[in-house]
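One letter stands for each residue in the lines below.
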Amino acid sequence: MSQPADRLSTDETTHGGCPVVHLDFSESKEAGCYWAQAAELREAAPAYYNDFGSGYWIFTRHDAVRDIYKTPELFSSESITPWEPEPAYRFIPTQIDPPEHVKYRKILNPWFSPKAVEEAEPRMRELCRGLVAEIAPRGECEFIGDLALLYPTAVFLSFVGVPVSEADRFVAFVDDFFAGFSGDPEKLPAMAAALQGIRDYWEAGLAERREDPAPRDADLASYLMHATFEDRLLTDTEVLDMLQVLVLAGLDTTRGQLGYMFRHLADHPEHRQRLIAEPELIPNAVEEALRYYTIIFGDGRKVTSDTEFYGVPLKKGEMVYGLVSGANRDPRHYERADEYLIDRERIHHMGFANGPHRCLGAHLARKEMQVVVSEWLTQIPDFEVATTEPLVERGGGAMMSMAALPLRWEA
Amino acid sequence: MKLRVDGDVCTGHGRCYTVAPDLLTYDDEGFVSIRDQTIELAADQIKAAEDAAASCPEEAISLIEDD
């Protein structure tokens, strides 16, 4: 990591009119600490300068975070990690700016559309029902390892046409990648190895499909190899840059969201009972979990030109970090912002980002969460957290995710 | 009253057609099917339209009062 920029002397307490902080978002903490920290930062000031790494601006409130997302011409996705302004990877479409971005999204959108997800729902339910049926007679489980990671992995791999027997290999890649993603320098070598591992896997996959005259059915890699971008085929590099990020985004995020949602349900019998009595409320309960328990601590962008944004002077090339987890609970925008309301009306949030980079997998992620809640509550209506030890979450810089969630119930 | 979706602003979150399924639906990419269109609302569709507009994370839906 480089040192703070030289214009910042060590005794300076404000920069550009903002308080200067030194915060490392890669550390594991007790589960829930990162939302508490986001709330503290948001209520104390609208913007900060964090001199961690090479230094970056933090915007804490709803409207500023929304406007960062919705102004891609000023806030480029070239880097989305403010502690790493020059990343070694280039994810497509994640790190592509308009106008090219939408052309890649057009290729991928139908694959992850609500229509595609609805068609997959019966087999998604069947798979989940089977996994829960194996767990239910045990009377206990470690929810993250036994279901929250396994289920989205199996669904995602089947969605893109990879044998589910490859799940263990991909889970290891994902764990190593996100260990380094939050800016912990000691874990960068493992992150780089995971990125290379995913790339090697898909390079072999492309080679195997090279001679196919037409795209294989239900096989995303094959579909991409035959897809056109502005009247030309995608290059291998483009296809690999797409497949790499899809694996990372598709496996880890839903694990994180499911963990927090099930800790909530374990701690709130009244909400379990409500969802059992009114299963039609499950999509709403999931949407509110995505707002309230947003795993996206923040999202980074790179400033494309000198400007003033919400009163803060920004220079071209500097990094900003929109504190999504603070924004989604901002009382300036939401009524009863700091409460989980299972029947909240008109829910909207930035848990799937905002603007052109809205999460490609949003429709699939929601459906996975709805299916797990519904199938679990059918077979295991009553359960509780099976430890009095503090639960631990991964640092928010890589998106929060509980390391483990032991649950128990009467079998 | 009319409902209008700004196609430059809609990014396909899908909240509108989820909260107002009798009024709105999706296209093959997951966007609301009436991007850049204005539709007339019957009296019994106004509550659904208001719910859809208020649930849009992009504020892409506007409701227009009749003259």
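The structure displayed is predicted, hence computed values, not measured ones. (Residues numbered from 1 in each chain as written. Chains lettered and ligands numbered in written order. Predicted model: local features only at pLDDT ≥ 70, side-chain atom pairs only at ≥ 80, totals over all residues. Heavy atoms only, no water.)

Asks: Talk me through the overall build of chain A; I want residue IDs and the actual numbers.
Replies: Across its full length, chain A carries 14 helices and 16 strands. Its C-alpha radius of gyration of 21 Å places chain A within 12% of the 22 Å reference for a compact globule of 411 residues. The C-alpha extent of chain A, read off along each of the three principal axes, is 60 × 55 × 40 Å. Counting all 411 residues of chain A, 59% fall into the buried class. In chain A, once contacts between residues fewer than 6 apart in sequence are set aside, the share between residues at least 24 apart is 73%. Accessible surface, chain A as shown: approximately 16,600 Å² in total, 51% of it carbon and sulfur. (Helix = DSSP H or I, 4+ residues; strand = E, 2+ residues; numbered from the N terminus. Rg over C-alpha atoms; globule rule 2.2 N^0.38 Å. Buried < 20%, exposed > 50% of the residue type's maximum accessible area, 1.4 Å probe, protein only. Contact = heavy atoms within 4.5 Å. Areas by Shrake-Rupley, 256 points an atom, 1.4 Å probe, with all protein chains shown as cover.)

Asks: Describe the pattern of salt bridges, listing the residues and the values that go with them.
Replies: Across all of its chains, the model carries 45 salt bridges over all chains by this definition. The closest approach of N and O atoms between Asp28(B) and Lys115(A), which form a salt bridge, is 3.4 Å. Here the residue Asp28(B) occupies a position in the loop between helix 1 (15–19) and strand 2 (38–40), and Lys115(A) occupies one in helix 4 (residues 114–135), the pair thus bridging two chains. When its relative accessible area of 38% is taken as the criterion, Lys115(A) is described as partly exposed. With its nearest N and O atoms 3.2 Å apart, the salt bridge here joins Arg274(A) to Asp343(A). Residue Arg274(A) is located in helix 11 (residues 269–277), and its partner Asp343(A) is located in the loop between helix 13 (324–327) and helix 14 (362–379); the two are separated by 69 residues in the primary sequence. For Arg274(A), a relative accessible area of 27% puts it in the partly exposed group. A residue is classified by how much of its surface remains accessible, and Asp343(A), at 41% relative accessible area, is partly exposed. Taken together, the shared-partner salt bridges in this structure form one network comprising Glu121(A), Arg125(A), Arg129(A), Lys367(A) and Glu375(A). (Salt bridge = Lys/Arg side-chain N within 4 Å of Asp/Glu carboxyl O.)

Asks: So what's going on with the interface of chain B and chain A? Which residues, and what values?
Replies: Residue-level contacts link 20 residues of chain B with 23 residues of chain A. The contact between chain B and chain A buries some 1,800 Å² in all, and 42% of this surface belongs to carbon and sulfur atoms. Considering only the surface of chain B that becomes buried against chain A, His13(B), Arg15(B) and Glu29(B) emerge as the three largest contributors, covering 33% of it. Scanning the region where chain B abuts chain A turns up six salt bridges. There are 16 residue pairs in polar contact (both at pLDDT 80 or more) connecting chain B and chain A. Broken down by secondary-structure element, the contributors of at least two residues to the side of chain B that touches chain A are helix 1 and helix 2 (46–55) of chain B. (Buried area = accessible area lost by both parts, 1.4 Å probe. Polar contact = N/O pair within 3.5 Å; in protein donor to acceptor, adjacent residues only side chain to side chain.)

Asks: Tell me what's going on with the state of the cysteines, and back it up with residues and numbers.
Replies: A complete count under the given rule lists zero disulfides over all chains for this structure. Counting only cysteine sulfurs, Cys141(A) is the nearest neighbor of Cys128(A), a cysteine outside any disulfide, at a range of 12 Å. Take Cys128(A): its relative accessible area is 0%, and that puts it in the buried class. Left unpaired, Cys359(A) is separated from the closest cysteine sulfur, that of Cys10(B), by 15 Å. Judged by its relative accessible area of 27%, Cys359(A) falls in the partly exposed class. (Disulfide = S-S within 2.5 Å.)

Asks: Tell me about the packing of aromatic side chains, residues and numbers included.
Replies: Residue and element names in this part refer to chain A. Per the counting criterion, the structure on display carries 39 aromatic pairs over all chains. With a centroid separation of 5.4 Å and an interplanar angle of 70°, the aromatic rings of Trp 83 and Tyr 321 are classed as edge-to-face. Linking Trp 83 in the loop between strand 6 (75–76) and helix 3 (100–108) with Tyr 321 in strand 13 (residues 319–322), this pair joins segments that are 238 residues apart in sequence. Classification of Trp 83 by relative accessible area gives buried; the value is 4%. Here Phe 143 and Trp 376 contribute two aromatic rings whose centre-to-centre distance is 5.5 Å and whose plane-to-plane angle is 80°, an arrangement assigned as edge-to-face. Here Phe 143 is found in helix 5 (residues 143–148), whereas its partner Trp 376 is found in helix 14, with 233 residues between them in sequence. By the burial criterion, Phe 143 is buried, and Trp 376 matches it. (Phe/Tyr/Trp six-rings, centres within 6.5 Å; stacked < 30°, edge-to-face > 60°.)

Asks: Before we move on, could you go through the environment of Arg123(A) and cite the residues and values that matter?
Replies: Residues and elements named next belong to chain A. Relative to the helices and strands, Arg 123 resides in helix 4. Judged by its relative accessible area of 45%, Arg 123 is partly exposed. Residues Arg 123 and Ser 158, spaced 35 residues apart in sequence, show a C-alpha to C-alpha distance of 9.9 Å.

Asks: So, the sheet that holds strand 16 (residues 406–408) of chain A: which residues are in play, and what are the values?
Replies: Strand order in the open sheet made by the three strands is 7-16-14 (chain A), with antiparallel pairing throughout. Of all strands in the sheet, those with a lone pairing partner are strand 7 (140–142) and strand 14 (384–385) of chain A, marking the two edges. (Pairing = 2+ DSSP bridges.)

Asks: Help me get a handle on the side chain of Glu166(A), residues and values and all.
Replies: Residue and element names in this part refer to chain A. Here Glu 166 is to be found in the loop between helix 6 (150–160) and helix 7 (167–181). With a relative accessible area of 17%, Glu 166 lands in the buried category. Here Arg 169 takes part through its side chain, which lies 2.8 Å from a polar atom of the side chain of Glu 166. Excluding residues within four positions of it along the chain, Glu 166 makes contact with Leu 157 and Tyr 201.

Asks: Requested: an account of the packing of helix 6 of chain A against helix 10 (residues 236–267) of chain A, with residues and values cited.
Replies: Between two packed helices, what matters for the description is the angle formed by their axes and the separation of those axes. Residue and element names in this part refer to chain A. Packing of helix 6 against helix 10 brings their axes to within 8 Å, and their N-to-C directions diverge by 150°. The pairing of helix 6 with helix 10 is recorded here as roughly antiparallel in orientation. The chirality of how helix 6 crosses helix 10 is right-handed. Side by side, helix 6 and helix 10 meet where Pro 152, Thr 153 and Phe 156 of the first sit next to Leu 246, Val 247, Gly 250, Leu 251, Thr 254, Arg 255 and Leu 258 of the second. (Axes fitted to C-alpha atoms, helices over the stretch in contact; angles between N-to-C directions. Parallel < 35°, antiparallel > 145°, perpendicular 65-115°, else oblique. Left-handed = near helix turned anticlockwise from the far one by under 90°.)

Asks: Give me the nonpolar core: which residues, what numbers.
Replies: Core analysis: the largest hydrophobic core is formed by 125 residues, its most contacted members being Phe112(A), Phe143(A), Trp202(A), Met261(A), Phe262(A), Trp376(A) and Phe383(A). Beyond its immediate chain neighbours, meaning those up to four positions away, Phe383(A) contacts Phe262(A), Leu265(A), Ala266(A), Arg272(A), Trp376(A), Leu377(A), Leu407(A), Arg408(A) and Trp409(A). (Core = buried A, V, L, I, M, F, W, Y, C linked by side-chain atoms within 4.5 Å.)

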